[in-house]
Amino acid sequence: MKIKVTSPSFSTHPILIEELKNNFDNVVLNDTNIHFEDNILKEYLQDADIAIIGLETIDKELLDSCPKLKFIAKYGVELDNIDIDYCKAKNIGIGWTSGVNKLSVAEMTLGFMITTIRNMVFASYGMKNGLWNKVGGNNLSNKVIGIIGVGNIGKEVIKLLQPFNCKILVNDIFSQDEFYKKYNLIEATKEEIFANSDIISIHTPLTKETKYMFNLEVFKKMKKTAILINTARGEIVNNNDLKIALKDKLIAAAALDTYEKEPNFDKKLINQDRLFCTPHIGGNSNESILLMGRSAIKHIKKFLGEKNL
C-alpha cells in the first residue's frame, strides 16, 4: 500500500517522518515545500493507495484521476476541501479528528486581538520604516467581542478571553445554552454582532451560507473602530471588499491568517496599512503539527487494521 503525503509541513517534520516510516513501509513525502494543486497534485496522487491530505482541494476531478485511492487521512481539522459525498460513492474512506489544533488557532486569535487593538504590530511596522509613532491603541479588557461560530476553536477563544472581562456576543447554528450560561455569553444575531462589536472573530467552516459572509455591505454595518479577525477559512471574507473597507476606513483594522487563494501575494491586500497578515499558520504550532500528524497516522493504522491489510 503506497502512502503519499501532500502537506509540506508534515513531510519535513522529522518526528512525523520517523513515526510514519516506523509504521508503514511504502511512504512518499512532499519535501518540496510547495503546496501541490491542479495537475501537479493529480500526478502526485495518481498511484497512491492512501493519501495524507492537508488543505489541498480533493474534488471529483482529482478523485477520478486516482484509481487506486482507498483512504484519505486528514492532516487538519476541517473537511470542507474534500468532496465527502463523492468519496463515499467511490468507497474511499476518510479519517479525521475534530479539534486537534484548536488551542493553537485560539491562542493565535487572542494574539491577533491584542496586537491589533493595542496598535502593537502597526507601531512595529512604522518603527522599521523610521516612524516613532506613540499611538498605543486601546485595551482589550472590557470590550465587546463578537464570536461567530462556537465550535472547538470558538470555545477555546472564549475561554482564553475570560481574564479580560469582555462582553462576548456569540452566534452559532446550534443552541449551546449550558456553555453560554457557564461563560456568561450573550446569544446574538449576526446583525447585532456586526453593529455592536469592537472585535469580530470568525470561527465557522466554509459553506454555501458562510462564503463571503463578510462583504462590503457588512463592513458598512460595522463600527468604524471595529477590528475583523479571520483565522477560519479565507473565502468567508471577500478580500476585494476588505481592501475597500480598510482603504476607506469603514473599519479600523483586520487580521487575516487565511485567504481566498493561497498562497496569497496580492500586494494591494497585504500592503494595506491596517492589515495584520500571516501565511495560514494558525494551526501550525509545533504542538499542533504533532497532534494533527499523529491523528492522520492513527487513522491509517485503524483503516489498515480494519481491512486486515
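Our structure is the block above this text.
Residues numbered from 1 in each chain as written. Predicted model: local features only at pLDDT ≥ 70, side-chain atom pairs only at ≥ 80, totals over all residues. Heavy atoms only, no water.

Our next topic: the overall build of the chain. Helix and strand counts for the chain stand at 14 helices and twelve strands. A compact globule built from 309 residues should have a C-alpha radius of gyration of about 19 Å, and the chain, at 21 Å, falls within 12% of that. When its C-alpha atoms are laid out on the principal axes, the chain stretches across 60 × 50 × 35 Å. Here the chain holds 309 residues, and the buried ones make up 50% of them. If you take every contact in the chain between residues at least 6 apart in sequence, the share linking residues at least 24 apart comes to 59%. Counting every atom, the chain has about 15,800 Å² of accessible surface; 51% of that belongs to carbon and sulfur. One way to put it: in the chain the 40 positive side-chain charges average out to a point 4 Å from where the 38 negative ones average out. (Helix = DSSP H or I, 4+ residues; strand = E, 2+ residues; numbered from the N terminus. Rg over C-alpha atoms; globule rule 2.2 N^0.38 Å. Buried < 20%, exposed > 50% of the residue type's maximum accessible area, 1.4 Å probe, protein only. Contact = heavy atoms within 4.5 Å. Areas by Shrake-Rupley, 256 points an atom, 1.4 Å probe, with all protein chains shown as cover. Lys, Arg positive; Asp, Glu negative; His and termini not counted. Charge placed at Lys NZ, Arg CZ, Asp CG, Glu CD.)

So, about the packing of aromatic side chains. The relative placement of two aromatic rings is captured by the distance of their centres and the angle of their planes. All chains considered together, the criterion is met by eight aromatic pairs. Their ring planes at 55° and their centres at 4.9 Å tell us that F36 and Y44 sit as a pair that is tilted. Comparing F36 with Y44, the two get one shared label, buried. Centre to centre, the rings of F71 and F303 are 4.4 Å apart; their planes meet at 15°, and the pair counts as stacked. Of this pair, F71 sits in strand 4 (residues 71-74) while F303 sits in helix 14 (residues 286-307), placing them 232 residues apart in sequence. By relative accessible area, which is 5% here, F71 ends up buried. What links up through ring pairs into an aromatic cluster is the set F194, F214 and F219. (Phe/Tyr/Trp six-rings, centres within 6.5 Å; stacked < 30°, edge-to-face > 60°.)

Below, the discussion takes up helix 3 (residues 38-45). Buried within helix 3 we find L41, K42, Y44 and L45. All buried residues of helix 3 fall inside an arc of 165° around its axis, so they share one side. Residues of helix 3 that are exposed and point more than 90 degrees away from the buried face comprise N39, I40 and E43. Those residues of helix 3 hidden inside the fold are in contact with strand 1 (3-5), strand 2 (27-28), strand 3 (50-53) and helix 4 (60-64). (Arc of directions from axis to C-beta.)

In short, shape yes, function no, at least from these values alone.
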